[in-house]
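# Observations on chain architecture
Here's the letter readout for the chains.
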Amino acid sequence: MLYKLAAKSFLKQSRGYLVYFFSLTLSTMIYYSFSAMTYDQSLIRRASQDVSIDNTLNLGSWIITVVLLFFVLSANRFFLNRRQKEIGIYQLFGINKFQISSIYVLETMIIGFFACALGILLGSIFSKLFQMILVRMMKMDITSRFFVSIPSIVETVVVFFVILAAVSLYSLWKIWSYPMTRSFGEKEQVESSMMRIRTRHRLLGVVGLLMISSSYFAALNFREVLTRLYETRVSLGLIIAFPFSILFVCLLGTYLFFCYSFRLLFHLLSESKFKYKGTNFLLIGNTQIHQLKNWRMNSLITLVIGLSLAMIGGMTGISTLIAHGEQIATPVAYQLDTQIASKFRPILGEENQKITDEIVFHYKVVGSYYDMNIGSFSAGNEIKPVNLISENEYQAFRELKPNLPEIKLTETDHAVMLDAVESMFRNFSSYGKKIHLPDQQELVIQQVLPGFLGDESMTYYGPTLVVNQEIFERVDGLEYQIINWNVTGGNEEEVIDRINEELPTNWTHTIYYSYEITDQGLIGNIHADPSKAEASVYSETKLTGQSSRLNYNARYPRLRAIDRQIGINIFVALFVGMIVIVTTGSILMVRQLSEAETERSNYQLLTKLGIAQRKTNRMIYEQNALMFFPPMILGITHAVFAINVFSQYVEGADYWLAYFVSGVLIVIYLLFYVVTSRLYCRIIEE
């Protein structure tokens, strides 16, 4: 008899459980698909040339597990709160807590079993589609057979039921903590007393808004504040604590916002003329109750959305930044040392690759020192080798690559610095206004640009300096050459495989240098004789050491690796983002449908008092809008300001995926809102 009553109660509340079941099934399907792809040997072998996709997929699986645990715990808490009176009735009839607990654990396991089974079935069906999407994103050309992964099924079942076991323990604890007799009016009395707005509530409401606003302001001025902290020579601990303090203030402000600021807003509305228009007094009162009961969940959902979008933005920003850096580091198909170029020519000819463009860079490596800056703060002298190239050769290369920035030295003693760090971080330069070369040669740094001439590993350690032809010839240093080729034709995949087999990359042409800053300027020498090498020394006034450079750099494998890494990152981010969106939306939907069951009699009473059903439905839509949209809007706003911090330092990064997921979030939340409101109205009308 007990189980029949429980089954009837479960079926009467099946709407909320259907949403819960749908989200569990979707999460299981994606988890199984991720796991199954790690067992697809053809995909793993092909991708392992450049990236380890199984590690990224496993990371995505763990994130899904955490999100799923958060969702199941939250939804289960709503279901238990919704059925408190039912538990109290069971207790009044003499049913012990062990029997009651067994009912809810059984319900959890039955729902979990069917959701897991259906999720694995759908995952087996759609994993091939997911794999095709991944292969397309990674720009690979492979054909993989359809298969069902038994290890993935076992892994999914184990993970899923560990989560359900944890949730069942939570349910047992909640049920056993209920008193044996329960006053069904007690909760409403507590809520009524807590709805009063006191002075401290007003104060905390204002503090919450100020904390969120101040964290946004700090995010907008993050770079400027951090630079000033550097300049004032504060402790390293305070500098590291600054970003964490912004995060903490934002987190605390979010909780205060939903606990007090939102309530304060409705209190102000209740004291205005707005309250007396139509059914607004009912809307304000009911929304205040809902906010009071659910402010913790609203805060948590907001933070989960904001953190997820910020992580997606950061990940895609870094991915596109790396891609941008690789484009700069590989301006031509091949960059080669002169010795290995003779071995490349016959291989390219045999593989039907034709050299279409060829240009030779003449470099000269020499010692230098400059005043190292951090912001506007001088950190002392920095001694390092520098690679000189003439302005004429840069202009010749620019004819081959017209998209490169124009360089025009305004004076003979001016120079333009090319540094890879500049291609990554916006408006960041550690160089002072001048750079000093041997023989008291002093050059003015006219401009600092990214290293557009290729991978800096092809040159010796240190930046590249574009100088006047006269300066290039005058300075005493060690000369070397780098050949640049563009090619057409042939199968790039096969050519690279053959080159990797026959001509592996290695560090070559080691040089040795020893420089010291004296009253006569920078003195020292640089040579390629290992017998004259000195022990390494590094100080503010002296530098002794050695450096080597790569024998060649090929563009195709580097761009292929970046395409595959970005592809797997975007793939995992998209599906994790979808899980976060669906689960948080489902939590809000389950919560509102639970409230509908509880408040059905109240709304029906309004109808009996003469309020039209149309007005009641309108009030339901407005109330649900106030439940769905504030967490969504505030979460997206948090993410936008977090991404703004990244953009202050990283130039050329693209955050389109975060904004795309934000758009999907808005659309899906609108769908959840509409469906929830319609079901809410239907429950009220029953």
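Parameters at a glance
- Residues numbered from 1 in each chain as written.
- Predicted model: local features only at pLDDT ≥ 70, side-chain atom pairs only at ≥ 80, totals over all residues.
- Heavy atoms only, no water.
- UniProt positions renumbered as here; feature names shortened; annotations may be inferred.
- Axes fitted to C-alpha atoms, helices over the stretch in contact; angles between N-to-C directions.
- Helix = DSSP H or I, 4+ residues; strand = E, 2+ residues; numbered from the N terminus.
- Parallel < 35°, antiparallel > 145°, perpendicular 65-115°, else oblique.
- Left-handed = near helix turned anticlockwise from the far one by under 90°.
- Nonpolar A, V, L, I, M, F, W, Y, C, P; charged D, E, K, R; others polar.
- Expected span 1.5 Å × (residues − 1).
- Buried < 20%, exposed > 50% of the residue type's maximum accessible area, 1.4 Å probe, protein only.
- Arc of directions from axis to C-beta.
- 1 Å grid on protein atoms, 1.4 Å probe; cavity = no way out; pocket = protein on both sides within 12 Å on 5 of 7 lines; lining within 4 Å.
- Points joined across faces, edges and corners; volume = space filled by probe spheres on them.

The protein chain appears in an unreviewed UniProt entry as ABC3 transporter permease C-terminal domain-containing protein from Candidatus Enterococcus mangumiae. Under the Sequence similarities (unreviewed entry) heading, UniProt states for the protein chain: "Belongs to the ABC-4 integral membrane protein family."

## So, the packing of helix α19 (residues 613-649) against helix α20 (residues 656-685)
At their nearest, the axes of α19 and α20 sit 9 Å apart, and the two run at 160° to each other. Our classification of the angle between α19 and α20 gives roughly antiparallel. Along this stretch, α19 crosses α20, giving a crossing that reads as right-handed. A class-by-class count of the residues in the contact of α19 with α20 yields 21 nonpolar, seven polar and three charged.

## Observations concerning helix α9 (residues 199-220)
Taking 1.5 Å per residue as the helical rise, α9 with its 22 residues ought to reach 32 Å, and the 32 Å between its terminal C-alpha atoms agrees with that figure. Of the positions making up α9, those classed as buried are His201, Gly205, Gly208, Met211, Ile212, Ser215, Tyr216, Ala218 and Ala219. What you see down the axis of α9 is that its buried residues fit within an arc of 165°, all on one side. Looking at α9, the residues exposed on the side facing more than 90 degrees away from the buried face are Thr199, Leu203, Leu210 and Phe217.

## Some remarks on the layout of surface pockets
Put simply, the second largest pocket is a space of about 1,100 Å³. Gly306, Leu307, Ser308, Ala310 and Met311 are the residues nearest the centre of the second largest pocket, which is lined by 39 residues in total. Of all the secondary structure elements, the ones that give two or more residues to the lining of the second largest pocket are α4 (53-82), α9, α11 (236-270), α12 (280-329), α18 (555-608) and α19. A per-element tally of the lining of the second largest pocket places α12 first, with 11 residues. Across the lining of the second largest pocket, the residue classes break down as 31 nonpolar, eight polar and no charged.

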